[in-house]
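# Coordinate inspection notes
Residues per chain, in single letters:
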Amino acid sequence: LVHADVGTQSDPYAIVTSGGYSFTSAVVNNNENPVWPTDQVFDFPLANLQVQHLELSLWDSDYLKSDDFLGETVINDLVGLIGQAERDPDGLVWLDLTGVAQGKVCLRVCFFYLREASLNFAPSEISMVEASIPNPHALVTMMIHRAVGLPTTIRQVQTRPALKVTMMANQAVRQTQQSAMFLPLSEEAQKKLHISGFDVDSPCWNTTLHWVVPESWDQSTSWRLEVMHLGVFVVATATLGWNDIDDQAEQVRFVNLALQTKDSAPNRPGEVGLYMKLFLRPLSRHPP
């Protein structure tokens, strides 16, 4: 990589983006030939191989000034990228960085095909599925519609809720995703639309989150749901596990939320929770 710091080597990190999903790697300090840890794995669902692209940029982490640009690469031909990775025994692909004088980046790429049939098995039956599916990965899809019964204000400020979902495995955090923050309409906008009320206790996110669950099929994998006010204060929480992903995936389900914030305005009577759908579908290294 290019030299960006005075007196020391660069402290590079990567930002990888595709299809609305963006992940930031760890920083490798004082190294212009960085090798990232093996846990730096990012999962991207590919909705359309012909249209979707992948962007990777490298940056030098700085404390006293803005981060320096170390180069980027944009991959428009994902079919070609996958083919190149599958021809390499280790799935490695080397790419030139643009926008800088020098630099290359090496990616290890694995592609999994989405199978048509759903995996409608109880956790106790998962071990039977492992033997029949090579590299038993699964795609868990959460279609989150809306919450109901949330507090209207938090610390005397009108609620600005977002939903944060964290996938846990063996008590360790594997991946975190977050919806956009729900912002109620202004009074002027409400008048134009002939509606009234901010409706902040029932935010409608209409967010779809995807999770690739690799290798381990056991009940240690779970999802922690947190409704966050202004991205800081936890309003309500819930936990989902393998027992919550079953053959009723086509149905909208109600997930009860436990309110956490004590200094909030009273919410409307009724249950507090999320309306959502859950899907579990197997992935394979080979076309179905």
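Residues numbered from 1 in each chain as written. Predicted model: local features only at pLDDT ≥ 70, side-chain atom pairs only at ≥ 80, totals over all residues. Heavy atoms only, no water.

Read across the sheet, four strands follow the order β2-β1-β3-β4 without closing on themselves; strand pairing throughout is antiparallel. Among the strands making up the open sheet, the edge pair consists of β2 (21-24) and β4 (68-75). Geometrically, the sheet is characterised by an average inter-axis angle of 15° between neighbouring strands, direction not taken into account. By the bridge criterion, six bridges tie strand β1 (residues 12-18) to strand β3 (residues 54-60) in an arrangement that is antiparallel. Across the sheet, the residue bridging to T17 is E55, located in β3. (Pairing = 2+ DSSP bridges. Helix = DSSP H or I, 4+ residues; strand = E, 2+ residues; numbered from the N terminus. Axes fitted to C-alpha atoms, helices over the stretch in contact; angles between N-to-C directions.)

So, on to the confidence of the model for the chain. Put simply, the chain has an average pLDDT of 77, and 76% of its residues get 70 or more. Within the chain, no element has a lower average pLDDT than helix α2 (residues 126-132), which sits at 38, and none a higher one than strand β5 (residues 92-96), at 95. Overall, residues 117-134 carries pLDDT values under 50, and its contacts beyond four positions in sequence, including any with other chains, amount to 24 contacts. (pLDDT = per-residue confidence, 0-100. Contact = heavy atoms within 4.5 Å.)

Mapped onto the elements of the fold, L278 is located in strand β18 (residues 273-284). Sequence separation between L278 and V140 is 138 residues, and the spatial gap between their C-alpha atoms is 7.2 Å.

Let's shift gears to the nonpolar core. Counting residues in each nonpolar core, the largest one holds 31 residues, and the members touching the most others are M142, I144, V165, W223, L225 and L274. Secondary-structure elements contributing two or more residues to this core are β8 (137-148), β11 (161-169), β13 (204-213), β14 (222-229), β15 (233-241) and β18. By residue number, the principal contributor to this core is β8, which donates five residues. If we skip the residues at most four places from it in the chain, L274 touches I144, R146, A147, L163, W205, L225, R253, F254, V255 and L257. A14, L58, A85 and L107 belong to the second-largest nonpolar core, a separate cluster that totals 21 residues. (Core = buried A, V, L, I, M, F, W, Y, C linked by side-chain atoms within 4.5 Å. Buried < 20%, exposed > 50% of the residue type's maximum accessible area, 1.4 Å probe, protein only.)

Here we take up the sheet that holds β14. Within the open sheet, the five strands sit side by side as β12-β11-β14-β15-β17. Their pairing is antiparallel. Two strands lie at the open edges of the sheet, namely β12 (172-178) and β17 (258-259), each paired on one side alone. By the bridge criterion, six bridges tie β11 to β12 in an arrangement that is antiparallel. Along β12, the bridge assignment pairs T166 with T176.

Quick look at the pattern of salt bridges now. Counting across every chain of the model gives four salt bridges. We note a salt bridge from D96 to K104, for which the minimum N-O separation is 2.4 Å. Through salt bridges that share partners, D62, K65 and D68 make up one connected network. (Salt bridge = Lys/Arg side-chain N within 4 Å of Asp/Glu carboxyl O.)

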